[in-house]
Amino acid sequence: LEELILSFNLLRHLNSSHLNGLSNIQRLHLFNNNISLIAQNTFCYMGKLEILHLGKNHLQRLHPDALRGLTSLKELYLNQNFLAEINETVFDDLT
């Protein structure tokens, strides 16, 4: 599986167990849900992920390790959330 579209659902939070087994995924679309929480290390086994779309959710903050392991990420969409601040270490694994 290279692409997974879970947009327009009622997802409220994400953690690594929700995405278990998706180590080869390259594009993950989670926009237009009700996601308010992304746990630490949620994407840690998704090293091939290139596009992550989290727009139009209810995110208010990102855990400093929320994006840990996304070493191949090229596009990250966080538009239309409620982010008040982003810890600078959130992007440490992104190249």
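Procedures and definitions
- Residues numbered from 1 in each chain as written.
- Predicted model: local features only at pLDDT ≥ 70, side-chain atom pairs only at ≥ 80, totals over all residues.
- Heavy atoms only, no water.
- Pairing = 2+ DSSP bridges.
- Helix = DSSP H or I, 4+ residues; strand = E, 2+ residues; numbered from the N terminus.
- Axes fitted to C-alpha atoms, helices over the stretch in contact; angles between N-to-C directions.

*Asks:* What is the right way to read the sheet that holds strand E5 (residues 51-53) from this model?
*Replies:* Sheet strands associate in pairs through backbone hydrogen bonding, adopting either a parallel or an antiparallel arrangement. One open sheet accounts for 4 strands, arranged E1-E3-E5-E6; its pairing is parallel. Each edge of the sheet is formed by a strand with only one pairing partner; in this case those strands are strand E1 (3-5) and strand E6 (75-77). Averaged over all adjacent pairs, the angle separating strand axes in this sheet is 0°, with direction ignored. Bridge count between strand E3 (residues 27-29) and E5: 3 bridges; the pairing is parallel. Considered in E5, the bridge of His29 is made with His53.

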